[in-house]
Every structure is written in structure tokens, then in C-alpha cells.
Amino acid sequence: MNAVSDSAHKNMANAIRFLSADGVQKANSGHPGMPMGMADVATVLFSQHLKFDPLKPDWADRDRFVLSAGHGSMLLYALLYLNGYPDITLDELKNFRQLGSKTAGHPEYGHAAGIETTTGPLGQGLATAVGMALGERLLNARFGDDIVDHNTFVIAGDGCLMEGISHEAISLAGNLNLSKLIVLFDDNEICIDGPTAMSVNDDQVARFKACGWNAERIDGHDPLAISAAIDRAKNANKPSMIACKTLIGKGAPTKEGTSATHGAPLGDDELAGARTAMGWPHGPFEVPAQVLENWRTVGGRGKTERAAWTGRLDAMAASRRADFDRALSGDLADGWLDALNAHKKSCSEEQPAWATRKASGEALAVLTQAIPELIGGSADLTGSVNTKTPSTLPISASDFTGRYMHYGVREHGMGAVMNGLALHGGTIPYGGTFLVFADYMKGAIRLSSLMGQRVIYVLTHDSIGLGEDGPTHQAVETLATLRATPNFKVFRPCDAIEAAECWAAALQDTAGPSGMVLSRQAMPTQRVQHTDDNLSARGGYVLAEAEGQRKVTLFATGSEVQVAMAGRAQLQAEGIATAVVSMPCWELFDQQDEAYQRSVRGPGTVRVAVEAAVRMGWDKYIRNHGGFVGMDGFGASAPAGQLFEHFGITAENVVKQVKSRL
């Protein structure tokens, strides 16, 4: 793309600067400094390099642009308005940070076209962009250069690079040699507290080079230097980082280059002085017609390239076109559910005594063969979490035809990369680690939930049942944490049947993430009568009804269902009519109608819940005076059987809890 004249560039960049500063000033809240400092870089990127079409913002082969430094969100909103994205109008810019606006304090995925991901928690955008760049390579390997060939650009700040997730992300990207990933580092040496030298003196260029990247320093206010560096990055055979030396709050007469511009409005006098200093004699939110026309010309250039791409897409063989369209739509391949139901039937007949981590792996073997979009992985725990199948060969820098990511010991990075894969489109990511290490990737899990992305977290070794590794690895509070996360579904199956059903329910939910919480220890098959109906999709169901008029209802999940069943047997033997309810997914149970929930809960019955975790959350099902058999503190190091006895998670204790309430 052709460069614009110096005067045109200056005015186009100033439009970004002052729309951003005006938005923050009107809201009396926000971060004007970064947009003012990076306006030159953003102008060069969008006007000369970025492939996009505002009138078709979901074009599959567009370049992705991620504002990892999400506090500078007005930079993105200004760019979207100036380039003609219909969702972002001048009124939306004036409504910055107000209730119901599309221009939230930090970019929110789904609020407006052109916002590729939610950012704000620093480092998440950078790590998510690694997933987008990986998604591009995976689809390129499957469908070819004519259909998938685009870059992922990131603007990151010093805070993004201080966060630990950044190292996981850049190390992973370097190892995979993701050459179509380009990071523009806003190297302004200022953080909220003051100069970055107070807290960090890393040589970021050397750091990126050590991770296998190309990296260089440039003047972030020199349009020619910016464009030349981006050209070099686009032609590189490695991922690239360009450290753009900038002045935060550029143009502010007394605050430029200081933390005073970072997280607060400039103030009327300072903003007026900036207008004078930068030669911008226009009022708040005013953009001269010629400047807006120049920007709209930039926004209109992509339609020609998109039309050419559409022609290539239309020329694809019908079967390949159908595969591409299905992959991008997120629809599941025909026949997958029939294959899974056949697997369920086999499990009901053979009644394997599998740990649910193995049961999950067996279900995945069926699913990954049937659904080519499934991309698996683990955080260096493949053999323990059972996420690799015969259909998922490894992904590497030299071969992107694989479908299995060896993420290394990078749980947080894994979660963010999976978010990026889901957002990019064309794949359905799942990745495994131990349940307790969900804490390491909570930031990514939260964003999966906030953005409504179908990301599946495989979380094994779920309780004291893992045994000798002890309390550092025995999650007792993690289930409650995940269940407290809005729009996140926690699945804890009790056997191979429920494991298959939980996978089906997770895959069919396109509006949010799921966690497969799985045991290390073996357990018996509870469901021996096959049905194609997905009982687990109801969240909770009566696994074993009482013999006689129900007096007691026992609730349990996962490995404790067998404890509840043993307790039921003892109670029934004493003439106490007892039902067992398996609750593999609370969130799905809560979505059922009240009549169904009441029938399962058993009105008027004694209720006791059994789970090798803390009680938190159970009272809405068992009522405040219901019984609970579980954990009230951390675990211990010992064989699993001894631990269940030691902590009283036994059938005998279930019976005791029931009898004390009859």
C-alpha cells in the first residue's frame, strides 16, 4: 500500500490523538497517553499494511489487530470510526465508558465489529494473539495460501511485557516460529507509577531475540521508519517485535512523556495546549472533511482484495468449500454424535472401571476422529491428562498439519492461546492440566467466559483421590472457584458414560467454555442401561430412584457418586428409601425448568451431598440444614483410599449424616 504525504500522515495521526483525548476528557475517565503516543504507529499500520474491510469485518482472511494495551481503548475506537466501521459512530466515541455504550473502558469482544478480543488484563491480548497466529497457520496448512494467508498485529505496552504470561506467550511463539505474528511494542518507558526504570530494566529486544524472534528498535514517531520495520517483519521467517520509541501523551505541553498522561484526563487547559502544539485547531470530536476522507479511503481499500479472495473461495472444490465453511461456522461434522453414542453403548455393555481421565481420553479418541476441527494439547502432562489421540499428531514449527499442541509448562499461556484459536475461528481447542493448576490460568478462563468462547479445559487429578502428591496438588477449593465464574460450565462425570455425555454437551455449547473435571483414580460404571439421550446434559438426574416412598436424596458428583451409591445400599437395606442424584453439571441443572428440578431434588426429603471438595455452593440444592460429606480444609499425602477414610468421605459417614436428620 502506498505511503501518504507527511502532512496527510500528521493530520490522520492527530485525528486519532484528539478523538482519543476528547473521549477520555468527556468521560472524565480513561487513558489518553498511549493513544497519543502510538497514533503515528497506528496510522502507518492501518493506512499502509493492515488487510481489512470495515464493511465485511468478519472476512475470514483479514489481518487480525489486537490492542493488548487495552487501557488505550480509545485508540482502537478512533481507528474503527475513522476507517468506517458501521458499529462505531462519532456518538459512540462521545459515549465512551458510559452504560450501554459499545465503547467500553477496555475493548470488549462482541460489543462492536473490529474488536477481535477483549483486552485490559495486561498480557492477555499478546498471548491471545499467539493463538490467533497459530490458528492462521493451522488453517493455512489445511486450506492453502489462496484461502488463508494473513498476519496478526499486536500493540503491546510495558505492562503487557511485565506480566508473566507474556514470557509464556513469546517463548511459545518463538518455538513455533509464528512468522506472521508482529508485535509493536509501545516503548515509552512510562507506567502508572512513573518511569518504568523504577520496576523493570529488561532489554526487551534482547529478550525477544533470545526467544527466537526478530526484534529491533525504531523511532515510533517516524512514519518511514515505522513502515520499513513493518515491511521487514512481514517478510521475516520468524515472529517479529518492533520496539517503537514513543512519547506518551505526545503533544501535551506540560505532561508529555510523564505518567500524568497515563491514566487520567489531560484537563481542558492541557488539551487546548496540545491542540496548539500539534497544529490541530479543531474543536472536540471535530475531524476535518479531508482528513476523514483520507481515512475512509484507507478503510475502503480492502474491498478489492476481499473480492479477489471471494473469487478464489468460490472456485474451491465443493467438498473443500463445505469443509472450510463448516470449520469457520463452528458447526460439528456430520456423524459425530452417532459415533459417540456407539461408544456410549459399548461402555454400558462392557462396564469398564476407568478413571474418568481415561474415560475422557477414550471419548476424545472417538471425537477427534469424527471432528477434524478439534485441536488438543496439554501443559506438559499428556500422559496424565489423556488429551492426545491417534488422530491428533503433534503441531510443530515445521508441520502445522498436526492437531496436538505441546504447550510445555505454560498453563496460563495455554489458556490464552486456546482463546485465540477459538476467536480466530476454524478450530475447537481443548487443553489439559491438573485441576489445581486452573489457578494458574484463571485470567484466561475468565476471559473465555466473558467472551463466550467454546474453549474446553481438561482438568484432571481432581481431588484427594490423586493420593500421594499431597495437598499442593489436591484441589479442594477450585471447583467452587470455577462454579462461581459466570458463563463457565463445570462438568464432573462419574463414569465413562457421563464422560462421553459431558463432552457432547460441552461441544454443543457454542456460547461459552467448559471444564472437564476428571479423576486420577478408577471408578465403576454406574450407567449400565444404554440410552442415546444425554442425561448429563440436564446437569443433574436421578441415577438410582428410591425403592419405596423416597425419604432421602443423596447428591454427588464424579468419584463420590460411588460413595453415595454405597450409602444408598446401606440405607435401603435398613428400609430407608433413598435416591441418588448424579450432578455432573450444576450450571446445566440450574437451566432446567422448576418442575424438573423439584422432581430430582425430592421435595420434603432429607438431603445430603457428597463431594471431595469444600461445601461452598451446595446449600442451594441441599438447603442450609442439609448434610454434607466432603472437605473443610486441605488434603494430605497418602494413598487415595486411606485419604477418603481419613477425611470421612465414606458410605458410613453418609449414612450417619442421613440418620442424624431423619
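So, a few notes on the structure that sits alongside this text. For clarity, every value in this text was computed on a predicted model and none was experimentally measured.

Conventions and cut-offs
- Sequence order as written defines the numbering, with residues in each chain counted from 1.
- For a predicted model such as this one, the threshold for reporting local features is a pLDDT of at least 70, and the threshold for listing and counting side-chain atom pairs is 80 or more; totals across whole chains, interfaces and linings nevertheless cover every residue.
- Side-chain metrics rest on all non-hydrogen atoms present in the structure, leaving aside hydrogens and water.
- Runs of E in the DSSP output that reach at least two residues are strands. Runs of H or I that reach at least four are helices, and both are numbered from the N terminus.
- In this treatment the radius of gyration is a C-alpha quantity, and the globule benchmark scales as 2.2 Å times the residue count to the 0.38 power.
- To sort residues, take the accessible area from a 1.4 Å probe on protein chains only and compare it with the maximum for the residue type: under 20% means buried, over 50% means exposed, and anything in between is partly exposed.
- Residue contacts are counted whenever heavy atoms from the two residues lie within 4.5 Å of one another.
- Only a pair of cysteine sulfur atoms within 2.5 Å qualifies as a disulfide here.
- One requirement defines pairing of two strands: DSSP has to find at least two bridges between them.
- Note on method: axes are straight lines fitted to C-alpha atoms, helices fitted across the in-contact stretch only, with angles between N-to-C directions ranging 0 to 180 degrees.
- Within this document, salt bridges are pairs made up of a side-chain nitrogen of Lys or Arg and a carboxyl oxygen of Asp or Glu, the two lying within 4 Å of each other.
- Side-chain rings of Phe, Tyr and Trp, where Trp is taken by its six-membered ring, are said to pair if the distance between their centres is within 6.5 Å; with planes under 30 degrees apart they count as stacked, over 60 as edge-to-face, and otherwise as tilted.
- Either the NZ atom of lysine or the CZ atom of arginine qualifies as a charge over a ring when it sits within 6 Å of the ring centre and within 35 degrees of the ring normal.
- As used in this structure description, the phrase polar contact means that two N or O atoms lie within 3.5 Å; if the pair is within protein, one of them must be able to donate a hydrogen and the other to accept it, and residues adjacent in sequence are counted only when both atoms belong to side chains.
- Side-chain atoms within 4.5 Å are what join buried Ala, Val, Leu, Ile, Met, Phe, Trp, Tyr and Cys residues into a set we call a nonpolar core.
- An expected span of 1.5 Å times one less than the residue number is assigned to each helix.
- The directions from the helix axis to the C-beta atoms are what the arc is built from.

What to know about the overall build of the chain
Phase 1: The secondary structure content of the chain amounts to 26 helices and 18 strands.
Phase 2: Radius of gyration (C-alpha) of the chain: 28 Å, near the 26 Å computed for a compact globule of 662 residues.
Phase 3: Across its three principal directions, the C-alpha atoms of the chain cover 90 × 55 × 45 Å.
Phase 4: Looking at the chain residue by residue over its 662 residues, the buried ones come to 62%.
Phase 5: Considering only contacts within the chain whose residues lie at least 6 apart along the sequence, 77% involve residues at least 24 apart.

Here's the deal with the state of the cysteines
Phase 1: Under the defined criterion, the tally for this structure stands at zero disulfides.
Phase 2: Here Cys191 stays unpaired: no disulfide links it, and the sulfur of Cys160, its closest cysteine neighbor, is 13 Å away.
Phase 3: In this structure Cys502 is not part of a disulfide, and its nearest cysteine sulfur, from Cys585, lies 7.1 Å away.
Phase 4: Owing to a relative accessible area of 0%, Cys502 belongs among the buried residues under this scheme.

Let's talk about the sheet that holds strand β7 (residues 240-245)
Phase 1: Here we have five strands laid out as an open sheet, ordered β1-β2-β3-β7-β6, and parallel in their pairing. Edge positions in the open sheet fall to β1 (64-67) and β6 (214-219), since each of these has one partner strand only. Across this sheet, the average inter-strand angle for adjacent strands is 20°, counted without regard to direction.
Phase 2: Looking at chain direction, strand β2 (residues 152-156) and strand β3 (residues 181-187) are connected through five bridges and run parallel. Bridge assignment links Val154 to a residue of β3, and that residue is Val183.
Phase 3: Each of β1, β2, β3 and β7 is contacted by helix α2 (residues 33-49), which is oriented at about 150° to β3, the strand it contacts most.

Quick word on the pattern of salt bridges
Phase 1: Per the stated rule, a full pass over the model turns up 33 salt bridges.
Phase 2: Here Asp40 makes a salt bridge to Arg17, at a shortest N to O gap of 2.7 Å. A residue pair is termed long-range when its members are at least 10 positions apart, and Asp40 in helix α2 and Arg17 in helix α1 (residues 6-27) qualify at 23 residues.
Phase 3: Overall, the relative accessible area of 2% leaves Arg17 in the buried class.
Phase 4: Lys51 is the partner of Asp61 in a salt bridge, and the nearest nitrogen-oxygen pair spans 2.9 Å. Of this pair, Asp61 sits in the loop between α2 and β1 while Lys51 sits in the loop between α2 and β1; the two residues are 10 residues apart in sequence, bridging distant segments of the chain.

Points about the sheet that holds strand β12 (residues 489-491)
Phase 1: With parallel pairing, six strands are arranged side by side in an open sheet as β9-β8-β10-β11-β13-β12. The sheet terminates laterally at β9 (404-406) and β12, the two strands that pair on one side only. Ignoring which end each strand starts from, the neighbouring axes of this sheet average 20° apart.

Considering unusual backbone geometry
Most peptide bonds take the trans form, and the phi angle of most residues other than glycine is negative.
Phase 1: The backbone of Arg97 shows a phi angle near 65°, a positive value even though the residue is not glycine.
Phase 2: Position of Arg97 relative to the elements: it lies in the loop between α4 (90-94) and α5 (124-143).
Phase 3: Even without a glycine there, the phi angle at Glu189 is positive, about 60°.
Phase 4: Residue placement: Glu189 occurs in the loop between β3 and β4 (190-191).

Here's the deal with the packing of aromatic side chains
Phase 1: A full pass over the atoms with the stated rule returns 18 aromatic pairs.
Phase 2: Plain terms: the ring middles of Phe434 and Phe437 are 6.0 Å apart, the flat faces sit at 10° to each other, and that makes the pair stacked. For the residue pair Phe434 and Phe437, the accessibility class agrees, reading buried in each case.
Phase 3: Here a set of aromatic residues connected by ring pairs shows up, and it is made of Trp586, Phe589, Tyr596, Trp618 and Tyr621.
Phase 4: The residue whose ring lies beneath Lys358 is Trp354, and the NZ or CZ to ring-centre distance is 5.4 Å.
Phase 5: Between the NZ or CZ atom of Lys388 and the centre of the ring of Tyr404, over which it lies, the distance is 5.9 Å.

Describing the side chain of Glu498
Phase 1: Within the secondary structure layout, Glu498 lies in helix α20 (residues 496-508).
Phase 2: At 2.8 Å, the side chain of Glu498 and the backbone nitrogen of Cys494 are in polar contact.
Phase 3: Those residues within four positions of Glu498 in sequence are excluded, and the remaining contacts are Arg492, Pro493, Arg527, Ser536, Tyr541, Ser582 and Pro584.

Quick word on the nonpolar core
Phase 1: Ranked by size, the top nonpolar core spans 65 residues in total, and within it Leu134, Leu178, Leu181, Trp213, Met241 and Tyr457 carry the most contacts.
Phase 2: Residue contributions to this core peak at eight residues, all from α5.
Phase 3: Apart from residues lying up to four places away in sequence, Leu178 is in contact with Val130, Ala133, Leu134, Arg137, Ala173, Lys238, Pro239 and Phe400.
Phase 4: Counting 62 residues, the second largest nonpolar core, distinct from the first, contains Ala42, Tyr81, Ile88 and Phe285.

Considering the environment of Gly110
Phase 1: Tracing the chain through its elements places Gly110 in the loop between α4 and α5.
Phase 2: Placed 531 residues apart in sequence, Gly110 and Gly641 show a C-alpha to C-alpha distance of 48 Å.

As for the environment of Lys358
Phase 1: Within the element layout of this structure, Lys358 appears in helix α15 (residues 356-370).
Phase 2: In this structure Lys358 comes out as partly exposed when scored by relative accessible area, which is 34%.
Phase 3: Spatially, the C-alpha atoms of Lys358 and Val385 are 7.8 Å apart, while their sequence positions differ by 27 residues.

Thoughts on helix α11 (residues 289-300)
Phase 1: If you check α11, its first and last C-alpha atoms are 16 Å apart, about what 12 residues at 1.5 Å a residue would give, namely 16 Å.
Phase 2: Among the residues of α11, Val291, Leu292, Trp295, Val298 and Gly299 are the ones counted as buried. Down the axis, α11 shows its buried residues gathered within 115° of arc, on one side only.

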